[in-house]
Amino acid sequence: MNFGQISGAKVIIEATLPSMNYILSQGSHFFHNLTSFKVLYFSVGHAGRFTVDWGWLGRQPAVTETKFVRHVRLASPLQIKVDGRTSRGVIFR
């Protein structure tokens, strides 16, 4: 990922997939940039109590799509709630 790909983002969600279970981002420069630009960051595993609604995302029209990235633009904003004291958050559609 490079800065041009995340410039202007308000939230980044990094998720693992069953076929691609990689270690999530850990780089200090990555998190320094997120903090500097006030970008919220969520890490979500493919299994467990909290998941990504992949079916819903798959039904949204794609602006661009590559092998590993699918960029969607929604008709209405998502509601994002984050508690920085407990490091927990939720995104409602």
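Residues numbered from 1 in each chain as written. Predicted model: local features only at pLDDT ≥ 70, side-chain atom pairs only at ≥ 80, totals over all residues. Heavy atoms only, no water.

## A look at the side chain of Glu14
Here is step 1 of the chain: Along the chain, the position of Glu14 falls in strand β1 (residues 11-15).
Here is step 2 of the chain: Here Glu14 occupies a buried position and makes no salt bridge, while the nearest side chain of opposite charge, Lys67, is found at 17 Å.
Here is step 3 of the chain: Side chain to side chain, Glu14 and Tyr41 meet in a polar contact 2.5 Å long. (Helix = DSSP H or I, 4+ residues; strand = E, 2+ residues; numbered from the N terminus. Buried < 20%, exposed > 50% of the residue type's maximum accessible area, 1.4 Å probe, protein only. Lys, Arg positive; Asp, Glu negative; His and termini not counted. Salt bridge = Lys/Arg side-chain N within 4 Å of Asp/Glu carboxyl O. Polar contact = N/O pair within 3.5 Å; in protein donor to acceptor, adjacent residues only side chain to side chain.)

## Observations regarding the pattern of salt bridges
Here is step 1 of the chain: Per the stated rule, a full pass over the model turns up 3 salt bridges.
Here is step 2 of the chain: Between Arg70 and Glu65 there is a salt bridge, with its nearest N and O atoms 3.4 Å apart.
Here is step 3 of the chain: Here Asp83 and Arg85 are joined by a salt bridge, their closest N and O atoms 3.9 Å apart.
Here is step 4 of the chain: Using a relative accessible area of 79% as the deciding quantity, one classes Arg85 as exposed.

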